Amino acid sequence: MHRFLLHRALLPDGWHDDVLVAVDAQGRITAVTPAAPEAGAERIAGIVLPGLPNLHSHAFQRAMAGLAEAAGPGADSFWTWRETMYRFAGRLTPADIEAIAAQLYAEMLQAGYTAVAEFHYVHHQPDGRPYDDPAELSWRVLAAAEAAGIGLTHLPVLYRHGGFGGREPQPRQRRFLHDSDAYARLLDKLVPAFAGRADRRLGIAPHSLRAVSPDLLRAALAAIDGIDAAAPVHIHIAEQIAEVEECLGATGRRPVDWLLDQGVVNDRWCLVHATHLTAGETARLAASGAVAGLCPTTEANLGDGLFPAVEFLAAGGRIGIGSDSHVSVDAAEELRLLEYGQRLTRRGRSLLADGPGRSTGRRLFDAACRGGAQALGLQCGAIAAGCRADFVRLDDEAATLAGAGGDAVLDAWIFAGQPVSPIRDVWAGGRHVVENGRHVRAGEFAARYRQTLRRLAEQ
Ligand code: NGQ
Ligand code: ZN
């Protein structure tokens, strides 16, 4: 049992001073008592926020961020970027994947993300044969998360087809593929690594309606239900207009309508990139209780389109944020861009705030904490009993925070873009993993990461 005394902290019911937080040996909060100055506890000065869950990551893509920005021959698009990404993914070794993930997860912690949902789809050797241990690459991701100290919801991806109507996959997709039996075996193999762990959860990710047939979707749900009937289920749903049109052609329904028609979507689901929605789909998705997984910087980078956040939140919809392809690893930037996308198209301001006089930053931060924790299926995202002890300490001496109190701190962090992040320290599961802005193993991870990227660049 360890006790922290937070000088000023954001609790579920708002800001409090001198918050005494008791944490057990598993890194879980057992009690939170505001206004309880106590001499024996470890003091955390400054301003403490709960850590944010990052609900969508493809860790290996961090190593190609910025390397797909030169227009190739013909029009560059999501689909040509995807070809570049496939070529990149095709060359990675297990050690590369672990090195990239460790560096990324340390960067996430430095940015205030204390747990991540890893949508993990590179499973096999470059020629498509499984590794001797078919879960090899899952173990690499788990090892990286463990080394960095980030909470992890591991989502092995089911991928079988190259498009709607059961199209055969392309050769470049062969590292991703499973049939339903092999996929169920992979899940079974992973289960023991999650037993009794407060900082990990196993879920599933049918990749998209393009990659998984209706039968396979049902088989994946049956497989995970046999293990954990409340486990998270994530899917890429409606990111590009072309996939909406293909879905309409193949099924007569748009992707979100089609999925909701199956009668399976509830609050264990996260629909990633529910970008293209009709008004009817927006209302239905909000009513389903599922989380809309938004990845603003990646969606901007890939030219996806804009999610109707104003309407979705007005309908009571739940949202969370993910850094997806990791063109940015910065929670403040994701939240800012989410709001700015709405401002630019609607020519208004403070569009996602909760009402007149309410802070936009607070609304965005609270929604992302709550929706992110739901999507990860982990008790996290709040400084509250039962949650993981994930604390993000902002330096109240940072120039951009000067004079800001209460919710204005969140507005300043998110909307006063700063060359130096005000995040100074981070505790994840009660462990002090970021000190003075740097992950405690940053040097070691960065050296291995640089070596990996140089070797990949020379190949
Ligand atoms: C992915 N990324 O799985 O990495 C996808 C691209 C696809 C995003 N959708 C591949 N942002 O959707 O087919
Ligand atoms: Zn994705």
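Every residue gets a number counted from 1 within its own chain, in the order that chain's sequence is written. Numbering of ligands from 1 and lettering of chains from A proceed in the order in which they are written. Local features in this predicted model are restricted to residues whose pLDDT is 70 or higher, and side-chain atom pairs enter the listing and the counts only when it is 80 or higher, whereas totals over whole chains, interfaces and linings include all residues. In computing side-chain properties, one takes all heavy atoms of the structure into account and sets aside hydrogens as well as water.

Student: Looking at this model, I keep getting lost on the coordination of the zinc ion (ligand 2). Mind explaining?
Tutor: Geometry reference: four tetrahedral donors at a metal, ideal angle 109.5 degrees. Six octahedral donors, ideal angles 90 or 180 degrees. Counted as donors are the N, O and S atoms within 2.8 Å of the metal, or 3.2 Å for Na, K and Ca, while water is not among the atoms, so some sites may look incomplete. Looking at the metal site, the zinc ion (ligand 2) is ligated by His 56 (NE2), His 58 (NE2) and His 236 (NE2), spaced 2.0 to 2.1 Å from it. Sequence positions of the donors to the zinc ion (ligand 2) reduce to the motif H-x1-H-x177-H. With His 58 in the loop between strand S5 (52-57) and helix H1 (78-89) and His 236 in strand S10 (residues 233-236), the pair connects residues that are 178 residues apart, well separated along the chain. Looking at His 58, the relative accessible area reads 4%, which means it is buried. Only DSSP runs of H or I covering at least 4 residues are called helices, and only runs of E covering at least 2 are called strands; the numbering of each starts at the N terminus. Exposure classes here rest on a 1.4 Å probe applied to the protein chains alone. A residue is buried below 20% of its type maximum, exposed above 50%, and partly exposed in between.

Student: Can you help me understand the sheet that holds strand S15 (residues 423-428) in this one?
Tutor: What holds strands together in a sheet is hydrogen bonding between their backbones, with the strands either parallel or antiparallel. In this scheme, strands are said to pair when DSSP sees at least two bridges between them. Strands sit in the order S3-S2-S1-S4-S14-S15-S16-S17 across an open sheet of eight strands; the sheet is mixed. If you trace the sheet from one side to the other, it starts and ends with strand S3 (29-33) and strand S17 (438-439), each paired once. With four bridges joining them, strand S4 (residues 42-50) and strand S14 (residues 391-394) adopt antiparallel strand pairing. Counted as the bridge partner of Val 48 is Arg 393 from S14. Residue contacts follow a heavy-atom distance rule, with two residues in contact if any of their heavy atoms lie within 4.5 Å. Axes here refer to lines fitted to C-alpha atoms; in helices the fit is confined to the stretch in contact. Angles between the N-to-C directions go from 0 to 180 degrees. Helix-sheet contacts for helix H13 (residues 407-415) involve strand S1 (2-11), strand S2 (14-23), S4, S14 and S15, and the interaxial angle to S4 is about 70 degrees.

Student: What is the right way to read the packing of aromatic side chains from this model?
Tutor: What characterises a pair of aromatic rings is the spacing of the ring centres plus the angle enclosed by the ring planes. Two rings belonging to Phe, Tyr or Trp (six-membered ring only in the last case) form a pair when the distance between their centres is within 6.5 Å. Interplanar angles under 30 degrees mark stacking, angles over 60 mark edge-to-face geometry, and anything in between is tilted. Counted under the stated rule, the structure contains eleven aromatic pairs. Between Phe 4 and Trp 427 the ring centres are 6.3 Å apart and the planes differ by 75 degrees, which places this aromatic pair in the edge-to-face class. One end of the pair, Phe 4, is in strand S1; the other, Trp 427, is in strand S15, with 423 residues separating them in the sequence. With respect to class, Phe 4 is no different from Trp 427; both count as buried. For the ring pair Phe 78 and Trp 81, a centre distance of 6.1 Å and an interplane angle of 45 degrees mean the geometry is tilted. Here Trp 81 and Phe 78 lie together in helix H1, a separation of three residues that amounts to about one turn. The same class applies to Phe 78 as to Trp 81, namely buried. Put simply, the rings of Phe 60, Tyr 86, Tyr 121, Tyr 159 and Phe 176 touch in pairs and so form one group of aromatic residues. Residue placement shows Arg 343 over the ring face of Phe 415; its charged tip is 5.4 Å from the ring centre. In this scheme, the term charge over a ring applies when either NZ of a lysine or CZ of an arginine sits within 6 Å of the ring centre and within 35 degrees of the ring normal.

Student: Is there a simple way to think about the pairing of strand S6 (residues 113-120) in this case?
Tutor: Successive side chains on a regular strand alternate, one facing one side of the sheet and the next facing the other. Burial analysis of S6 places eight of its eight residues in the buried class, the great majority of the element. Sheet topology note: the S5/S6 ladder contains four bridges and is parallel. Across the sheet, Ser 57 pairs through a bridge with Glu 118, a residue of S6. Bridge count for S6 against strand S7 (residues 151-158) is six bridges, and the pairing is parallel. Residue pairing for S7: Ala 117 is matched across the bridge by Thr 153. Running through helix H3 (residues 136-148), the crossover from S6 to the neighbouring parallel element S7 is right-handed. Handedness rule for crossovers: strands pointing away from the viewer, path from the first strand over the helix to the second running clockwise, crossover right-handed.

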